[in-house]
Amino acid sequence: MIELRNIKKIYKSKNSSDTVALNNINLNIGSSGMLFIVGKSGSGKSTLLNLIGGLDSPTFGDIIVDGKIINKFKNKEYDCYRNSYIGFVFQEFNILEQYNVYENIELSINLQKRTVDRKNIDLLMNKLGINDLGDRRTNELSGGQKQRVAIARALIKEPKIILADEPTGNLDSASSIQIFQILKEISKDRLVVVVSHDIMSAQKYG
Ligand code: ADP
Ligand code: MG
């Protein structure tokens, strides 16, 4: 489903030397399952995930997703790819504090200019164990609850690929287990790529 060919990412700097964040990466990733990318801080994990997610482009090389070279996309195609193919989950949750839980999930669909089927959102909230939290402001939630909202927001778009960058980096161990179990379940019928420095969890869930 995803093929990285000779990927190189160099961050140019005006004031200091350039950083080679990725150097000749070749990788083939299938269309389902839970893949972990582990490595120490600064090794280029987030860079790799951002390239796959179309948030940034490689300096050299091609990224092929379902037969299309995504780094050659025009802006509109890139937008469409990010919107319909990819669901992102971040360490810092990145949910909107001024909206309640339900609205955060609904907004994700509205941004795709699709109408919301309340039943689908309710089903998903049930599945993620946040069905009692619909009216709650997100700044009143625990970290584990926030991350489940973030996963719901990603999943409601029904993306083919979920990209998670250190999704348990801000969570206690009990919440981390819940999140990994949810991502594992999701990965039965779609691709979930997790970036983490947690090798134990990679061995357990990956
Ligand atoms: P990781 O996620 O594994 O910690 P990153 O992909 O964030 O690593 O970073 C890889 C390298 O690229 C690091 O040396 C980092 O300092 C550098 N880097 C990351 N983002 C940028 C950027 N926007 N501009 C310049 N250098 C960057
Ligand atoms: Mg990172």
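Our subject is the structure listed above.
Parameters at a glance
- Residues numbered from 1 in each chain as written.
- Chains lettered and ligands numbered in written order.
- Predicted model: local features only at pLDDT ≥ 70, side-chain atom pairs only at ≥ 80, totals over all residues.
- Heavy atoms only, no water.
- Salt bridge = Lys/Arg side-chain N within 4 Å of Asp/Glu carboxyl O.
- Helix = DSSP H or I, 4+ residues; strand = E, 2+ residues; numbered from the N terminus.
- Buried < 20%, exposed > 50% of the residue type's maximum accessible area, 1.4 Å probe, protein only.
- Pairing = 2+ DSSP bridges.
- Axes fitted to C-alpha atoms, helices over the stretch in contact; angles between N-to-C directions.
- Contact = heavy atoms within 4.5 Å.
- 1 Å grid on protein atoms, 1.4 Å probe; cavity = no way out; pocket = protein on both sides within 12 Å on 5 of 7 lines; lining within 4 Å.
- Points joined across faces, edges and corners; volume = space filled by probe spheres on them.

A.B. asks: Explain the pattern of salt bridges here, please?
C.D. replies: Two side chains with opposite charge may pair up if their charged atoms get near one another. One pass over the full model with this rule turns up 10 salt bridges. Ionic pairing is found between Glu97 and Lys146, a salt bridge with its closest N-O pair at 3.7 Å. Of this pair, Glu97 sits in the loop between β6 (86-90) and α3 (101-110) while Lys146 sits in helix α5 (residues 143-155), and the two are 49 residues apart along the sequence. Exposure remark for Glu97: the relative accessible area of 37% places this residue in the partly exposed category. Residue classification places Lys146 among the buried positions, given a relative accessible area of 15%. Note that Glu140 is salt-bridged to Arg136, the shortest N-O span being 3.3 Å.

A.B. asks: Honestly, the sheet that holds strand β3 (residues 33-38) in this entry has me stumped. Any pointers?
C.D. replies: The 4 strands lie next to each other as β3-β8-β7-β6, forming an open sheet whose pairing is parallel. One side of each edge strand has no neighbouring strand; the edge strands of this open sheet are β3 and β6. Each strand axis lies, on average, 15° off the axis of its neighbour in the sheet, ignoring direction. Relative to strand β8 (residues 191-196), strand β7 (residues 161-165) runs parallel, the two being bridged by 5 bridges. Across the sheet, Asp165 pairs through a bridge with Val195, a residue of β8.

A.B. asks: Would you explain the side chain of Ser201 in this entry?
C.D. replies: Residue position: Ser201 is located in helix α7 (residues 199-205). When neighbours within four sequence positions are excluded, Ser201 is seen to be in contact with Phe36, Phe180 and Gly206.

A.B. asks: Would you take a moment to explain the pairing of strand β1 (residues 2-11) for this structure?
C.D. replies: A regular strand places its side chains so that they alternate between the two faces of the sheet. As judged from the 7 bridges shared by β1 and strand β2 (residues 19-29), these two strands associate in the antiparallel manner. Within β2, the residue paired with Tyr11 across the bridge is Thr19. As paired elements, β1 and strand β4 (residues 60-65) share 5 bridges and run antiparallel to each other. Paired with Arg5 across the two strands is Asp62, which belongs to β4.

A.B. asks: Help me understand the layout of surface pockets, please; the structure alone is not making it clear to me.
C.D. replies: Think of a ball as big as a water molecule: rolled over the atoms, this probe shows where empty space is left. The space that makes up the largest pocket amounts to roughly 440 Å³. As for the largest pocket, its lining consists of 17 residues, and the residues nearest its centre are Asn83, Ser108, Leu111, Arg153 and Lys157. Mapped onto the lining of the largest pocket, the elements with two or more residues apiece are α2 (75-84), β6, α3 and α5. By residue number, the principal contributor to the lining of the largest pocket is β6, which donates 4 residues. Taken as a whole, the second largest pocket encloses approximately 330 Å³ of empty space. Every element with two or more residues in the lining of the second largest pocket is listed here: α4 (118-127) and α6 (173-186). When residues of the lining of the second largest pocket are assigned to their parent elements, the largest contribution, 5 residues, is made by α4.

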